[in-house]
Amino acid sequence: EQLDRVIPSLEHGTKELSQLWNKNSGDDSESATLDLGARAALLMLELKNDEENTDDSISTDKLSVIENVLKSILCSTDSSYALVQRADVLQFVVQATKFLCAGREMVIPLIMVPQLELLGTRLQVETSEDELDEIQSRFLLQLLHAMEFLEQSPDSPFAIDPRTLPVKEAILLAELLEKHSNGFLLEQLVGYAAKKCPEVLELSYPSWTQSRQRSMRKSHTAVLARSEMLNLLRRTIEAYLVKSPTEGNKDKDGSELERIFLDARLQTSDADLACTVVSAMLSSPHQPPLSLTYPKLCRDPLIVLKCPFKVWNCTGLRRTVLSILCLLLESNEAIVWSDAPTDASAEEYLAARDALVVRCLLTAMSGSENDVPPLPYCSMTTSVIRLLTRRRKGMVALLVKQGLPEESLDWMVEYIPEVMNDSQDMLQMLSDQRSLTPAERIVAADAVLKIAIVQGQSNEVDAANMAYIALTQLCDALFLVAGPIGVPVNAVLEENSGLDVTQRSRKAAFRMLQTLLTVRGRRTNLRKECELALHKLAGLCKNESAVSGVSGSVAGRRKALLKEIFDAATKATNAMGSCVGHQSVAA
């Protein structure tokens, strides 16, 4: 009855609100909550009635009342949970923030960024109860106000960066309130996140990289404060980094570190977690910790790859750094799509970024650099490589074109079945005579042939075409493999790198012939195409060996090489179930 009486008149309503405020200023928390809810409901109706008003028609009293009630709701310390359950209060927070920003009365949000970040550090996500505590409830109210201010004033220096706040955790808490607030809070937060930080909602990475997928369970360790948990995680990482691999410890795989990391994910935000882990892994033992900010890591996630190689040798450290890397890659992708001038430039940047990540992971797993032994098979690393390969069309073709070490190529072909997704791109690459030099072409043909034979069963038509075009490149490059006639040294060198073209081509040729011995199953089309190319190669070897007018030791070595190639081709043809039909070159 009181609300019905004061609604028709704004002036009368503001007087009644003032009286109610003064009357209930000394009441208990329940009365104060009811009073704030009544004020919010009244002002919500007034805001709806005045949506079409200009700034000049807005009274000062009304602006003052709206700002005071909004500030009281956001700063309430003992009734936040009762307020956050009311849909009309949540709607008032959004509409009041929008109203004040539209009238340029709020150039600074009522809750500043440091206040919200500090409250976010005290946020505890794990809970076994249906009710939220006052910190959780107050954080949700303040986050709703800050996100709406960001929506209305995106260029304001006082707007928040949602990636530095536990937005995932807030959405998880809002799901608990969905039955009380009619889903308004969850809908608003999801809408804000979809615009400002879409990686929070996208589940393109595996579930172990998404903190929103974690359950509301208690951590294994005793409940620690945020700073204590982060310090424990930092000290544990540093301890594993300084351990000698020959030390006789019981936890060489780092399972204790991984457990602490998972517990920290339950109690801290992604921003704090990522900064702590990356700083600990990149800092030197005898120097102060490296200072990093989460926005910087999101802008440059490849800084994670600068961690020492010892990280990849320890299972716990490796899984931890991969979790952080996936988190940063997802945030970086959202930033690139929003900031790139065109979609084409964004695609090009993301393809180059992911290609670098895949190349580094392949190098780490295969041990192809500096005689480093390969690491044991890691399902998590394999999942990340497969994910990036599947998401970026042309990734494998790009790596093949750039050239991979033999160990990395063999590891990728064996464990990544998605390499066949780029079959058309690889066919086009080998068909284009201008994209690669002759030496680069035969090296790429080696990779394409191996992919077609090992992983080509998923697409036999493309696999047969890939095998034939790869072996055709071998036939065309036979003059490079055998070397110039009558020249006692390998005189053909690459212009830029100075590498021996003959030796490089020769090594790739024999790898291709050795790969042909591994064909399994019927695979009629592929075998037929390979047999045609091998017959052609054997004929070329016979013709080259019959060149007259050249004698001596140089010619003898060349004929011996041609015989070796001919015999390898004959052996591969016999493995296909056919025969060359000619005797050896020596015969």
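Conventions and cut-offs
- Residues numbered from 1 in each chain as written.
- Predicted model: local features only at pLDDT ≥ 70, side-chain atom pairs only at ≥ 80, totals over all residues.
- Heavy atoms only, no water.
- 1 Å grid on protein atoms, 1.4 Å probe; cavity = no way out; pocket = protein on both sides within 12 Å on 5 of 7 lines; lining within 4 Å.
- Points joined across faces, edges and corners; volume = space filled by probe spheres on them.
- Helix = DSSP H or I, 4+ residues; strand = E, 2+ residues; numbered from the N terminus.
- Nonpolar A, V, L, I, M, F, W, Y, C, P; charged D, E, K, R; others polar.
- Buried < 20%, exposed > 50% of the residue type's maximum accessible area, 1.4 Å probe, protein only.
- Contact = heavy atoms within 4.5 Å.
- Patch = residues over 30% accessible without salt bridge, like charges linked within 9 Å, V, L, I, M, F, W, Y side chains within 5 Å.
- Areas by Shrake-Rupley, 256 points an atom, 1.4 Å probe, with all protein chains shown as cover.
- Salt bridge = Lys/Arg side-chain N within 4 Å of Asp/Glu carboxyl O.
- Phe/Tyr/Trp six-rings, centres within 6.5 Å; stacked < 30°, edge-to-face > 60°.

Another point: the layout of surface pockets. Volume-wise, the largest pocket comes out at about 350 Å³. Taken together, 17 residues line the largest pocket, and the ones lying closest to its centre are Arg-226, Leu-230, Ala-271, Asp-272 and Cys-275. Secondary-structure elements contributing two or more residues to the lining of the largest pocket are helix H7 (113-121), helix H11 (226-242) and helix H13 (270-282). The element that contributes the greatest number of residues to the lining of the largest pocket is H11, accounting for five residues. Its residues assigned to classes, the lining of the largest pocket comprises six nonpolar, seven polar and four charged.

Among the secondary structure elements, Met-395 is positioned in helix H19 (residues 395-402). Since its relative accessible area comes to 3%, Met-395 is described here as buried. Those residues within four positions of Met-395 in sequence are excluded, and the remaining contacts are Ala-351, Asp-354, Ala-355, Val-358, Leu-388, Thr-389 and Asp-422.

Backbone phi values are negative for most residues with the exception of glycine, while trans is the configuration of most peptide bonds. Even without glycine at this site, Arg-523 takes up a positive phi of about 45°. On the secondary structure map, Arg-523 appears in the loop between helix H25 (501-515) and helix H26 (524-545).

A few words now on empty space enclosed by the protein. In the structure shown here, the tally under the stated rule is five cavities of 30 Å³ or more. In this structure, the largest cavity encloses a volume near 100 Å³. Every residue lining the largest cavity is counted, 14 residues in all, and those nearest its centre are Arg-163, Leu-165, Lys-168, Val-200 and Asp-270. Those elements that place two or more of their residues in the lining of the largest cavity are helix H9 (167-176), H13 and helix H16 (315-339). The leading source of residues in the lining of the largest cavity is H9, at three residues. Across the lining of the largest cavity, the residue classes tally to eight nonpolar, one polar and five charged.

Of note, Lys-563 is situated in helix H27 (residues 553-575). Spatially, the C-alpha atom of Lys-563 lies 8.2 Å from that of Lys-542, the residues being 21 residues apart in sequence.

The next point concerns a nonpolar patch on the surface. Where nonpolar side chains cluster on the molecular surface, the patch consists of Val-107, Ile-108 and Phe-158 and spans about 230 Å² of accessible area. Along the chain, Val-107 turns up in the loop between helix H6 (87-102) and H7. Residue classification places Val-107 among the partly exposed residues on the basis of a relative accessible area of 46%.

This part is about the packing of aromatic side chains. Taken as a whole and assessed by the stated rule, the structure comprises two aromatic pairs. Ring geometry for Tyr-377 versus Tyr-415: centroids 5.0 Å apart, planes at 35°, classification tilted. Here Tyr-415 lies in helix H20 (residues 406-415) and Tyr-377 lies in the loop between helix H17 (343-366) and helix H18 (379-391), a separation of 38 residues in the sequence. Exposure remark for Tyr-415: the relative accessible area of 28% places this residue in the partly exposed category. With centroids separated by 4.8 Å and ring planes inclined at 45°, the aromatic side chains of Trp-411 and Tyr-415 adopt a geometry described as tilted. With a gap of four residues between them, Trp-411 and Tyr-415 both fall in helix H20, about one helical turn apart. One aromatic cluster in this structure is built from Tyr-377, Trp-411 and Tyr-415.

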